[in-house]
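Inside the fold
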Amino acid sequence: MRTYEELFIVRPDATEEEVDPVIEQLKGVITNDGGTVDKAEKWGTRKLAYRVAKFAEGQYILLQFAAQPGTVRELERRLRVNDLVVKYLTVRTDEKLKRIEKRRKQREKRAARKPPKPETPAISTPVLPTEPATPVPGSPVEAEQK
Amino acid sequence: MPETRGGRPIAASQRPTGGDKAIATGKKQYFRRKKVCRFCVEKIDDINYKDVKLLTNFISERGKITPRRISGVCTPHQKRLAEAIKQARNIALLPFASAV
C-alpha cells in the first residue's frame, strides 16, 4: 500500500453540484480497490500561474489516499476522461513521509540524549507554516530557563 | 590559492580574487559572508510543492530557479527544492516563465 497525493484542477465555472459527485466517484474508485482515503480537501478557486484550457482561474482539489499502484492508473484515467478536470498531478508520498518521520525521530533522540546546552538566543527557529510542531534542540525555551 | 574549501571546489563567484567588495575596499577581503543553507539552519524537513510562499523565495522574477551558488542552499536541499518547483509548475501553482 503506497500513499499518494492527487491535486487536480476543476474548471472555475463548475458548481458544487457538479464537483461533489466527481470527488465521490474518485473516492469510490479508491475504496473499491481496497484503498483508503485519508483526506479530501477543496482549496476553492485560485488564480492559475498560466492559462490552462483557456482558463485563468481554477478550483483546486486535494486528495490524499493510500492504494495499490494499479488504482492510480484507473484514477488518472477517470480524471483524464472527465470534462470538468483540466489538470491533475499525482505524487507518491510514502517515501517522503518515511524520511521526514525518520529525521524527526533522529532529532528527538538527539534532543533527549544531550543535556540542554546553553545556546545564544540570536538564532531562534522561526515558525513556518509547513513545519510541524516538533521540539528543536536548543530552542528558545531552554535559553529562557538559563 | 584556496581552490578548495573544506575539500570542495569553490564557485567562481566566491573565490577571493573576484568580488567588487574586495576591489572597492582595497583590502584583501576573502568571501563576503558565509552563506548557510536556509533549510539546514531552520531545520525544515518538508519542502512541499504545495507551499508556494516558500518556493517563490527561490525563483527569479522571470520564474527561473535561482542557482545554488546564489541562494546558498546545500545540494540535497537544492535538489528537493528544484523538484518541488517543477512539480508546482506542472500544476500551475508557479509559472514556467513570467514576463519581466
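In this text the structure is predicted, and so the values were computed from the model without any measurement.

Moving on: the overall build of chain A. When its secondary structure is counted, chain A shows 4 helices and 4 strands. The order of helices and strands in chain A, counted from the N terminus, is β-α-β-β-α-β-α-α. By the burial criterion, 17% of the 146 residues in chain A qualify as buried.

What follows covers the overall build of chain B. Tallying secondary structure elements over chain B gives 5 helices and 2 strands in all. Put simply, chain B runs from its N terminus to its C terminus through helices and strands in the order β-β-α-α-α-α-α. When each of the 100 residues of chain B is scored for burial, the buried share is 16%. Put simply, 58% of the contacts in chain B that link residues at least 6 apart link residues at least 24 apart.

Moving on to the pairing of strand β2 (residues 36-52) of chain A. Residues and elements named next belong to chain A. By the bridge criterion, 11 bridges tie β2 to strand β3 (residues 55-67) in an arrangement that is antiparallel. Counterpart to Lys-39 in the pairing with β3 is Gln-64. Joining the antiparallel neighbours β2 and β3 is a turn of 2 residues, in which Ala-53 adopts a positive phi near 50°.

Now for the interface of chain B and chain A. The interface is formed by 16 residues belonging to chain B together with 19 residues belonging to chain A. In terms of residue class, the side of chain B that touches chain A is built from 8 nonpolar, 3 polar and 5 charged.

Another point: helix α3 (residues 94-113) of chain A. Its 20 residues place the ends of α3(A) 28 Å apart at the C-alpha level, agreeing with the 28 Å of an ideal helix rising 1.5 Å per residue. Across the 20 residues of α3(A), 0 count as buried, placing the element largely on the outside.

Counting residues in each nonpolar core, the largest one holds 32 residues, and the members touching the most others are A:Phe8, A:Ile9, A:Val85, B:Ala84, B:Ile85 and B:Ala88. Looking at this core, the elements that each hand over two or more residues are β1 (2-10), α1 (16-32), β3, α2 (69-81) and β4 (85-92) of chain A together with α5 (75-90) of chain B. In this view, A:Ile9 contacts A:Val52, A:Gly58, A:Gln59, A:Tyr60, A:Val85, A:Val86, A:Lys87 and B:Ala92; residues no more than four positions away in its chain are not counted.

Moving on: the pairing of β1(A). All names here are of chain A. Taken across its 9 residues, β1 has 7 buried, putting it largely inside the fold. Note: β1 against β3, 9 bridges, orientation antiparallel. In the sheet register, Leu-7 faces β3, and the bridge partner there is Leu-62. In the sheet, β1 pairs with β4 via 7 bridges, with the strands oriented antiparallel. Residue pairing in the sheet places Phe-8 in a bridge with Tyr-88 of β4.

Right, let's talk about the environment of A:Val29 for a bit. All names here are of chain A. Locating Val-29 in the fold gives a position in helix α1. For the pair Val-29 and Arg-2, spaced 27 residues apart in sequence, the C-alpha separation works out to 15 Å. The residues contacting Val-29, other than those within four sequence positions of it, are Thr-71, Glu-74, Leu-75 and Arg-78.

When pLDDT is low, close inspection of the predicted coordinates is not appropriate. Residues and elements named next belong to chain B. Put simply, chain B has an average pLDDT of 78, and 67% of its residues get 70 or more. Summarising per-element confidence for chain B, the mean pLDDT is lowest in helix α1 (residues 20-25) (48) and highest in α5 (94). A low-confidence stretch, residues 18-22 (pLDDT under 50), is modelled with 8 contacts involving residues beyond four sequence positions or located in other chains. With a pTM of 0.71, the predicted complex shows an ipTM of 0.72.

This brings us to the sheet that holds β1(A). Each strand in a sheet pairs with another by means of backbone hydrogen bonds, the pair being arranged parallel or else antiparallel. Residue and element names in this part refer to chain A. The strand order across the open sheet formed by 4 strands is β2-β3-β1-β4, and the pairing between neighbours is antiparallel. Among the strands making up the open sheet, the edge pair consists of β2 and β4. For this sheet, the mean inter-axis angle between neighbouring strands, taken without regard to orientation, is 20°.

Here we come to α5(B). All names here are of chain B. Between its terminal C-alpha atoms α5 stretches 23 Å, which fits the 22 Å expected from 16 residues at 1.5 Å a residue. Every buried residue belonging to α5 is among Gln-78, Leu-81, Ala-84, Ile-85, Ala-88 and Arg-89, and all of these are buried. The arc that holds every buried residue of α5, seen down its axis, measures 140°, which confines them to one face. Along α5, exposed side chains directed more than 90 degrees from the buried face belong to Thr-75, Pro-76 and Glu-83. Packing partners of the buried residues in α5 comprise α3 (52-55) and α4 (68-71).

Conventions adopted
Residues numbered from 1 in each chain as written. Chains lettered and ligands numbered in written order. Predicted model: local features only at pLDDT ≥ 70, side-chain atom pairs only at ≥ 80, totals over all residues. Helix = DSSP H or I, 4+ residues; strand = E, 2+ residues; numbered from the N terminus. Buried ≥ 20, exposed ≤ 12 C-beta atoms within 10 Å, placed from the backbone. Contact = placed C-beta atoms within 7 Å. Pairing = 2+ DSSP bridges. Nonpolar A, V, L, I, M, F, W, Y, C, P; charged D, E, K, R; others polar. Expected span 1.5 Å × (residues − 1). Core = buried A, V, L, I, M, F, W, Y, C linked by C-beta atoms within 7 Å. pLDDT = per-residue confidence, 0-100. Axes fitted to C-alpha atoms, helices over the stretch in contact; angles between N-to-C directions. Arc of directions from axis to C-beta.

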